[in-house]
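Structural features, examined
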Amino acid sequence: MDGTAVEEQPNIIVNALKQEDIPQLYKILEQRVIDQDTGKVFRDEILDIIQNMAGIRDKDNRRRQYLVARDGDRILGCMAYSVPDMSMCKHFGFEHPATADAIELLNAFVLEQEKGVGKKLFEAICQTGRSLGKSYLLVNSGPRYRASWGFYDKMCDESYGLIENKYGEGRHAKTWRISL
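Residues numbered from 1 in each chain as written. Predicted model: local features only at pLDDT ≥ 70, side-chain atom pairs only at ≥ 80, totals over all residues. Heavy atoms only, no water.

Digging into the layout of surface pockets
Heads up, the rule is: Residues are said to line a cavity or pocket when one of their atoms sits within 4 Å of a point; the points come from a 1 Å grid over protein atoms alone, cavities being sets where a 1.4 Å probe fits but cannot get out and pockets being open sets with protein on both sides within 12 Å along at least five of seven lines. Grid points are joined across faces, edges and corners, and a volume is the space filled by probe spheres set on the points. Numbering of helices and strands runs from the N terminus; a helix is a DSSP stretch of H or I covering at least four residues, while a strand is a stretch of E covering at least two. All amino acids are sorted into three groups, where Ala, Val, Leu, Ile, Met, Phe, Trp, Tyr, Cys and Pro are nonpolar, Asp, Glu, Lys and Arg are charged, and the leftover types, Gly among them, are polar.
The computed volume of the largest pocket comes to approximately 1,400 Å³. Lining the largest pocket are 49 residues, with N107, A108, F109, S141 and Y145 positioned closest to its centre. Of all the secondary structure elements, the ones that give two or more residues to the lining of the largest pocket are α1 (22-32), α2 (43-53), β4 (102-110), α4 (117-131), β5 (136-141) and α5 (149-155). Counting residues per element, the lining of the largest pocket draws most heavily on β4, which supplies 7 residues. Tallied by class, residues from the lining of the largest pocket come to 18 nonpolar, 12 polar and 19 charged.

Shown next as structure tokens:
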């Protein structure tokens, strides 16, 4: 050895959310669910996400299933999936969430400094969609998370335009689709 420090890569394991993961995920959400201009934490939104993690249905009456990336006992990030909401169904040409041949990616949050976590989680969500017999993974991301759009451009088959005003007046969501 020449004495040069080598940065150790995390041993990323992805599996289902355990309720005891939520306190560490709360800390990640506090870093990610923020106003990009002011740094203000959106606590009400975080509480909604935590309730979804606890199994409470979201505003679209969906149960979200969460996958968590970890390195030993350390939580590195999470992503969820569910049936697509009606605006996603309409945008992608499905008649109804219950009959859509797709799952929707939701609540994608990872520690900023950890490389490869998002890709591992995304691949695990795709594998889950395949195991459920679905043909597509649908993704949308609002303007608050514009910095992640390049990730989805790289990981997905195609960009699918915008859903106008999805997150409020003038707050359009960019969309993507990947064939599973």
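Remarks on α4
Stated precisely, the cut-off is as follows: What a helix is expected to span follows from its residue count: subtract one and scale by 1.5 Å. Exposed residues in this analysis have more than 50% of their type's maximum accessible area, buried residues have under 20%, and partly exposed residues fall in between, with area computed by a 1.4 Å probe over protein chains only.
Taking 1.5 Å of rise per residue, 15 residues should cover 21 Å, and α4 covers 21 Å from first to last C-alpha, within 8% of that figure. Buried within α4 are the following residues: V117, G118, L121, F122, A124, I125, C126, T128 and G129. Just downstream of α4 lies G133, where phi reads positive at about 80°.

Quick notes on the environment of T99
Relative to the helices and strands, T99 is located in the loop between α3 (86-92) and β4. With a relative accessible area of 61%, T99 lands in the exposed category. In this structure the C-alpha to C-alpha distance between T99 and N11, which are 88 residues apart in sequence, comes to 37 Å.

Observations regarding the environment of F109
Selection criterion: Contacts are assigned to residue pairs that have any heavy atoms within 4.5 Å of one another.
In this fold, F109 is placed in strand β4. Looking at F109, the relative accessible area reads 6%, which means it is buried. The spacing of F109 and I28 is 81 residues in sequence and 7.2 Å in space, taken between C-alpha atoms. Non-local contacts of F109, meaning those with residues more than four positions away in its chain, are made with I28, L29, R32, V33, I49, G77, C78 and Y145.

Regarding the packing of aromatic side chains
Quick note on the threshold: Two rings belonging to Phe, Tyr or Trp (six-membered ring only in the last case) form a pair when the distance between their centres is within 6.5 Å. Interplanar angles under 30 degrees mark stacking, angles over 60 mark edge-to-face geometry, and anything in between is tilted. Here, a charge over a ring is recorded when the distance from Lys NZ or Arg CZ to the ring centre is within 6 Å and its angle to the ring normal is within 35 degrees.
Per the stated rule, a full pass over the model turns up 8 aromatic pairs. Considering the side-chain rings of F151 and Y152, the 5.3 Å spacing of their centres and the 75° angle between planes classify their relative orientation as edge-to-face. Owing to a relative accessible area of 7%, Y152 belongs among the buried residues under this scheme. Seen from their ring centres, Y152 and W176 are 5.1 Å apart, and the 45° between their planes marks the pair as tilted. One end of the pair, Y152, is in helix α5; the other, W176, is in strand β7 (residues 173-179), with 24 residues separating them in the sequence. The two residues Y152 and W176 agree in class, both being buried. Counting every residue linked through ring pairs, the aromatic cluster contains F122, W149, F151, Y152 and W176. Lying over the aromatic face of Y167, K166 brings its terminal NZ or CZ to 5.9 Å of the ring centre.

Function-wise, these values are silent; they only describe arrangement.
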